[in-house]
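Breakdown of the fold
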Amino acid sequence: DSRLLIFGLESIESPHRRLDVPSGALIAAQLREAAMSKMGETGPIPEILSGHKPDNSASESPHCAFFPLPFVGHSYADGHLIGIAMAFPAACPTEVRRQIAKSMSSIDALQFKYLGNWKLLKGPDKPDVWTLHDRTWCASSTGSRNWATVTPIAFDAHAKSKNFEKQLNEVAEMVSRACERIGLPAPATVRISAVSTHIGAPTTSEFPRLARKDGSLRRQAHAFLTFSEPVRGPILLGAGRYRGYGLCRPYAEKQ
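Residues numbered from 1 in each chain as written. Predicted model: local features only at pLDDT ≥ 70, side-chain atom pairs only at ≥ 80, totals over all residues. Heavy atoms only, no water.

Description of the pattern of salt bridges
Scanning the entire structure with this criterion turns up seven salt bridges. The residue Arg32 makes a salt bridge to Glu33 at a minimum N-O spacing of 3.2 Å. On the basis of relative accessible area, Glu33 is assigned to the partly exposed category, the value being 43%. (Salt bridge = Lys/Arg side-chain N within 4 Å of Asp/Glu carboxyl O. Buried < 20%, exposed > 50% of the residue type's maximum accessible area, 1.4 Å probe, protein only.)

Looking at the environment of Gly40
Relative to the elements of secondary structure, Gly40 occurs in helix α1 (residues 24-40). Considered as a pair, Gly40 and Lys53 are 13 residues apart in the sequence and their alpha carbons are 14 Å apart. (Helix = DSSP H or I, 4+ residues; strand = E, 2+ residues; numbered from the N terminus.)

With respect to the sheet that holds strand β5 (residues 116-121)
Strands sit in the order β2-β3-β1-β5-β4 across an open sheet of five strands; the sheet is antiparallel. Each end of this open sheet is capped by a strand with a single partner; those strands are β2 (65-70) and β4 (109-112). Adjacent strand axes in the sheet meet at a mean angle of 30° when their direction is disregarded. Here five bridges tie strand β1 (residues 5-13) to β5, and the two strands are oriented antiparallel to one another. (Pairing = 2+ DSSP bridges. Axes fitted to C-alpha atoms, helices over the stretch in contact; angles between N-to-C directions.)

Quick word on the environment of Ala223
Mapped onto the elements of the fold, Ala223 is located in strand β9 (residues 220-231). When the C-alpha positions of Ala223 and Pro202 are compared, they lie 13 Å apart, and in sequence the two are 21 residues distant. Discounting residues that sit within four places of it in the chain, Ala223 has contacts with Trp147, Ala148, Thr149, Ile153, Val190, Arg191 and Ile192. (Contact = heavy atoms within 4.5 Å.)

Describing helix α5 (residues 164-181)
Over its 18 residues, α5 runs 26 Å from end to end, which matches the ideal 26 Å to within 8%, given 1.5 Å per residue. For α5, the set of buried residues is Val171, Ala172, Met174, Val175, Ser176, Ala178 and Cys179. The N-capping residue of α5, defined by a side-chain oxygen 3.0 Å from the backbone nitrogen of Glu165, is Asn163. A positive backbone phi angle near 95° is found at Gly183, which sits one or two residues after α5. (Expected span 1.5 Å × (residues − 1). Polar contact = N/O pair within 3.5 Å; in protein donor to acceptor, adjacent residues only side chain to side chain.)

Re the packing of aromatic side chains
Inspection of the entire model under this criterion finds two aromatic pairs. Ring geometry for Phe207 versus Tyr245: centroids 6.3 Å apart, planes at 65°, classification edge-to-face. Of the two residues, Phe207 is situated in the loop between β8 (189-193) and β9 and Tyr245 in the loop between β9 and β10 (248-250); the sequence distance between them amounts to 38 residues. Residue class for Phe207 comes out buried when judged on its relative accessible area of 5%. Of the residues examined, Tyr245 reaches a relative accessible area of 3% and is grouped as buried. With 5.4 Å between their ring centres and 80° between their planes, Phe224 and Tyr251 make a pair best called edge-to-face. Residue Phe224 is located in strand β9, and its partner Tyr251 is located in the segment after β10; the two are separated by 27 residues in the primary sequence. When the ring centre of Phe224 is taken as reference, the NZ or CZ atom of Arg191 above it lies at 4.7 Å. (Phe/Tyr/Trp six-rings, centres within 6.5 Å; stacked < 30°, edge-to-face > 60°. Lys NZ or Arg CZ within 6 Å of the ring centre and 35° of its normal.)

What to know about the nonpolar core
In this structure, Ile27, Leu31, Leu49, Ile100 and Met104 are the most contacted members of the largest nonpolar core, which totals 31 residues. If you tally residues by element for this core, the top one is α1, at six residues. Counting residues in hydrophobic clusters, the runner-up holds 22 residues, among them Val171, Phe227, Ile235 and Leu237. (Core = buried A, V, L, I, M, F, W, Y, C linked by side-chain atoms within 4.5 Å.)

Description of the packing of α1 against helix α3 (residues 94-104)
Across the interface, α1 lies against α3 with an axial gap of 9 Å and an inter-helix angle of 105°. By the criterion of interaxial angle, the relationship of α1 to α3 is roughly perpendicular. Residues Leu31, Ala35, Lys38 and Met39 of α1 form the contact with α3, whose participating residues are Gln99, Ile100, Ser103 and Met104. Of the residues in the contact of α1 with α3, the class split is five nonpolar, two polar and one charged. (Parallel < 35°, antiparallel > 145°, perpendicular 65-115°, else oblique. Nonpolar A, V, L, I, M, F, W, Y, C, P; charged D, E, K, R; others polar.)

Side note on unusual backbone geometry
The peptide bond linking Gly233 to Pro234 adopts the cis configuration, its omega dihedral lying at 10°. You can see Pro234 is positioned in the loop between β9 and β10. The phi dihedral of Asn56 is positive, around 75°, even though this residue is not glycine. The topology assignment puts Asn56 in the loop between α2 (47-50) and β2. Phi at Ala139 is positive, roughly 75°, even though this residue is not glycine.

What about the pairing of β4?
Burial of β4 is one-sided: the residues Leu110 and Phe112 facing one way are buried, the residues Ala109 and Gln111 facing the other way are not. Alignment of β4 against β5, held across four bridges, turns out to be antiparallel. Residue Ala109 lies in a different strand from β5, and its bridge partner there is Lys119. Hairpin connection from β4 to β5: three residues lie between these consecutive antiparallel strands.

Next up, the structure:
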């Protein structure tokens, strides 16, 4: 759903003046845990929030995604985190959405062992900060044809070919399937890179790699996607899409 639940971040007590986007997955995970804790105080935690069935097995349906909102796409962008967001599945019932949003509104701050304490700004209370606007990440009502990753896409599967060019084609096909998996049309073109097209976004190597169940690490890459017709976001792709990886933002030629 293009109506995101957005919070600004402000340091309360931290050894860091600012947080960078590679730490976004940790912050997203902490916000998810805080949200489930609040929901658990009043009743069962909805599957659409936890991503797990009552028997603790993985949900087979789309569930809420948590992701960082960094300062990117501007000539002075440096990639530091300005906020954190949650996206609801399009099919989320209105009443469930209302209950989750109400619980999350009571979360005042997030605490971390090494990152310190960070206040969650509701609203957000800075209307002039474009990073904290839905349309910055979802595009306007008319959509956008061009999208580029801000955080890398974690691969669903390793490329099998040993030829580099063929590997890129395999990864591009995987990204196309990832788009279709979340209900989008397959992109007309997919360009794979280690570097994001958005100014200020870190390179692929600067992000921690996600682990598979067997302990091996997933490969990851940035991508530039062009669709045949405008589409709306949020667009989160790949194996880590529920925790801040594969986050795309509309791309304009002038940044």
